Amino acid sequence: MRAAGVPLRYYLPLFLLLAFSGNPLMTSGGHAKVLLVVYLVGLVFFCNRRVSWTDITEGTNRVLKLCVPIFLIVSFQFQAFGSVSFPGVFALIVKLLIALFTICYYKRKRLDPFVLFIRLMAFLSIISLPFFFFNFFSHTGVQLSHPALKSLLFYTSSDFPDGLLRNCGMFWEPGAFAGYLNLSLIFIALENRSLSIGRYKKEVFWIIIGLLSTMSTTGYLVFGIIACTYFFVNYEKGRVILLPLLLIFGAFMYNNLSFLSDKIHEQYRNALIMEPTDVSNTRFGSIMMDLVYIKDKPLIGNGLDEKTRFRFHPSIKEDIGHGNGMSNFIVWWGIPFFLFWVYNVGAYSLNKSQSKKLSLFATFLIVLLLQGEQFLNFPFFLLFFLGPMILKSRYENIMLYNKSVV
């Protein structure tokens, strides 16, 4: 699959897809939904003569089929609650279409967007480091809706008075940056069809450096699982020598870094003593709060309307910064719709890696990433709904066909 030496202009649609998947300059504030629709219209015009209409037809059919369960869920929610957030449902479909047209563009160019994603995340990691360094001395950029955040497009500058300065990259917070960096490591394994680095040595180096600078709890835990599994799988001697040393080092880091052990223990203890009416935006507290809604409407969810979404917690009047992306999505859309997304993640991973063990491992890690951030609110993670055959490039289809003929 072509990736090295690809002209920079071919990275632009993928960069914009990522920007609409967590860059606060694009996704926060009152202009976000309008900007999302404007971008979709512009993307459609841009792709008019740059995509295959066969791909568009196939992808559109997939989106239309996906709209059937969405509309069914929405109709059941309306019947149950008498209220539905139609703008929220419309935004979901817009995000799916943005993902679709972006994928179709790369299929036409015979480029694998996930390979480009790996290289793009390495670049974003590199470019974030000098901004991160200057952030210790200066807080500049376009003021965002959060008073402590400013955007420089490629970097989100933060100024939390009592907080530890961490690298956000171009995303809304360090945990989001860490999530996308870990996702690029997962894609490297799927691309290599094994838990190996292969030809991505430079990318892996910069991705790890970027990950370390985020000081993200979930980011470190996911990376720790990847690193330990990598040494266990690839180094026979490492299982006896390197892996124990890595586990000892990991345990030392866990017990001595406040954003790991102290943060996790405190959040877990607080979650255990929560009452059903208590409000929390931590990853454990959010799950405990969301269980009330999941138990009440496990199949159809509670909808995107704040009146129904937080009906058991009427004190919530604004965004509380929900700490768990998985439970929040389940509360919105119900368990079956979430499991359908998980199935599609697994199907793509298996289709890409041709390994059941690796695909299960990748799916587990991707679901684990959701425990810290609202990734399923953005087009990049939603694109898995398109299914493995839509995400597979023409080039890969040709190679598989040739192998079957031989």
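This write-up is about the structure you can find in this document. (Residues numbered from 1 in each chain as written. Predicted model: local features only at pLDDT ≥ 70, side-chain atom pairs only at ≥ 80, totals over all residues. Heavy atoms only, no water.)

**A few points about the overall build of the protein**
Summing up its helical and strand segments, the protein has 19 helices and three strands in all. By residue count, 52% of the 406 residues in the protein fall in the buried class. Within the protein, counting contacts between residues at least 6 apart in sequence, those at least 24 apart form 70% of the total. Accessible area for the protein stands at about 19300 Å²; split by element, carbon and sulfur atoms hold 67% of it. (Helix = DSSP H or I, 4+ residues; strand = E, 2+ residues; numbered from the N terminus. Buried < 20%, exposed > 50% of the residue type's maximum accessible area, 1.4 Å probe, protein only. Contact = heavy atoms within 4.5 Å. Areas by Shrake-Rupley, 256 points an atom, 1.4 Å probe, with all protein chains shown as cover.)

**Observations regarding the nonpolar core**
In this structure, Tyr 180, Trp 341, Phe 380 and Phe 381 are the most contacted members of the largest nonpolar core, which totals 105 residues. At 13 residues, the largest contribution of residues to this core is made by helix α5 (residues 86-108). Counting residues in hydrophobic clusters, the runner-up holds five residues, among them Tyr 155, Leu 165, Met 215 and Tyr 220. (Core = buried A, V, L, I, M, F, W, Y, C linked by side-chain atoms within 4.5 Å.)

**Here's the deal with the sheet that holds strand β1 (residues 142-143)**
One open sheet holds the three strands; their spatial order is β1-β2-β3, and the pairing between them is antiparallel. Each having just a single partner strand, β1 and β3 (156-158) make up the two edges of the open sheet. Across two bridges, the pairing between β1 and strand β2 (residues 149-151) is antiparallel. Bridge assignment links Gln 143 to a residue of β2, and that residue is Lys 150. (Pairing = 2+ DSSP bridges.)

**Topic: the packing of helix α6 (residues 113-135) against helix α7 (residues 174-192)**
Across the interface, α6 lies against α7 with an axial gap of 9 Å and an inter-helix angle of 140 degrees. Here α6 lies oblique to α7, going by the angle between them. Crossing geometry of α6 relative to α7 is assigned as left-handed. Across from Phe 114, Val 115, Phe 117, Ile 118, Met 121, Leu 124, Ser 125 and Ser 128 in α6, the residues of α7 making contact are Phe 177, Tyr 180, Leu 181, Leu 183, Ser 184, Phe 187, Ile 188 and Glu 191. A per-class count over the contact of α6 with α7 returns twelve nonpolar, three polar and one charged. (Axes fitted to C-alpha atoms, helices over the stretch in contact; angles between N-to-C directions. Parallel < 35°, antiparallel > 145°, perpendicular 65-115°, else oblique. Left-handed = near helix turned anticlockwise from the far one by under 90°. Nonpolar A, V, L, I, M, F, W, Y, C, P; charged D, E, K, R; others polar.)

**Some thoughts on the pattern of salt bridges**
Taken as a whole, this structure holds seven salt bridges when the rule is applied. Through salt bridges with shared partners, a single network forms among Asp 112, Glu 191, Arg 199 and Lys 352. (Salt bridge = Lys/Arg side-chain N within 4 Å of Asp/Glu carboxyl O.)

**Let's talk about the packing of aromatic side chains**
According to the stated counting rule, one finds 34 aromatic pairs in the structure shown. Considering the side-chain rings of Trp 172 and Phe 378, the 5.2 Å spacing of their centres and the 40 degrees angle between planes classify their relative orientation as tilted. Separated by 206 residues along the polypeptide, Trp 172 in the loop between β3 and α7 and Phe 378 in the loop between α16 (356-369) and α17 (379-382) bring together distant segments of the chain. Their ring planes at 80 degrees and their centres at 5.1 Å tell us that Phe 205 and Trp 206 sit as a pair that is edge-to-face. You can call Phe 205 partly exposed: its relative accessible area is 46%. Trp 206 sits in the partly exposed class, given a relative accessible area of 30%. In this structure, Arg 9 packs its charged tip against the face of Tyr 10, placed 4.7 Å from the ring centre. The positively charged end of Arg 309 is found above the aromatic ring belonging to Tyr 293, 5.3 Å away from the centroid. (Phe/Tyr/Trp six-rings, centres within 6.5 Å; stacked < 30°, edge-to-face > 60°. Lys NZ or Arg CZ within 6 Å of the ring centre and 35° of its normal.)

**Details of the packing of helix α8 (residues 201-214) against helix α9 (residues 217-234)**
Where α8 meets α9, the axes come as close as 8 Å, and the angle between the chain directions of the two elements is 140 degrees. With respect to α9, the axis of α8 lies oblique. Crossing handedness for the pair α8 and α9: left-handed. Each of Ile 208, Leu 211, Leu 212 and Thr 214 in α8 lies in contact with α9, whose residues at this interface are Gly 219, Tyr 220 and Phe 223. Class assignment of the residues belonging to the contact of α8 with α9 gives a composition of five nonpolar, two polar and no charged.

**Remarks on empty space enclosed by the protein**
In total, this model carries one cavity of 30 Å³ or more according to the counting rule given. The space that makes up the largest cavity amounts to roughly 40 Å³. If you go around the largest cavity, the residues you meet are Leu 185, Ile 186, Ala 189, Leu 195, Ile 226, Leu 358, Phe 361, Ala 362 and Leu 365. Breaking the lining of the largest cavity down by element, the ones donating at least two residues are α7 and α16. Top contributing element to the lining of the largest cavity by residue count: α16, with four residues. Among the residues forming the lining of the largest cavity, the class breakdown is nine nonpolar, no polar and no charged. (1 Å grid on protein atoms, 1.4 Å probe; cavity = no way out; pocket = protein on both sides within 12 Å on 5 of 7 lines; lining within 4 Å. Points joined across faces, edges and corners; volume = space filled by probe spheres on them.)

**Quick notes on helix α14 (residues 325-333)**
Most of α14 is tucked away: eight of the nine residues are buried. What α14 keeps buried is the set Gly 325, Ser 327, Asn 328, Phe 329, Ile 330, Val 331, Trp 332 and Trp 333. The elements touched by buried residues of α14 are α4 (53-81), α5, α12 (283-296), α13 (306-309) and α15 (335-353). Near the N-terminus of α14, the side chain that reaches the backbone nitrogen of Met 326, with its oxygen 3.1 Å away, is that of Asn 324. Downstream of α14 by a residue or two, Gly 334 has a phi angle that is positive, lying close to 95 degrees. (Polar contact = N/O pair within 3.5 Å; in protein donor to acceptor, adjacent residues only side chain to side chain.)

**Details of the side chain of Arg 309**
Within the secondary structure, Arg 309 is located in helix α13. A residue is classified by how much of its surface remains accessible, and Arg 309, at 2% relative accessible area, is buried. A polar atom in the side chain of Arg 309 sits 2.9 Å from the side chain of Asn 328.

**What to know about a nonpolar patch on the surface**
The grouping of Val 37, Val 41, Phe 45 and Phe 90 at the surface amounts to a nonpolar patch, some 400 Å² of accessible area in total. Residue contributions to the nonpolar patch peak at three residues, all from helix α3 (residues 32-47). You can see Val 41 is positioned in helix α3. (Patch = residues over 30% accessible without salt bridge, like charges linked within 9 Å, V, L, I, M, F, W, Y side chains within 5 Å.)

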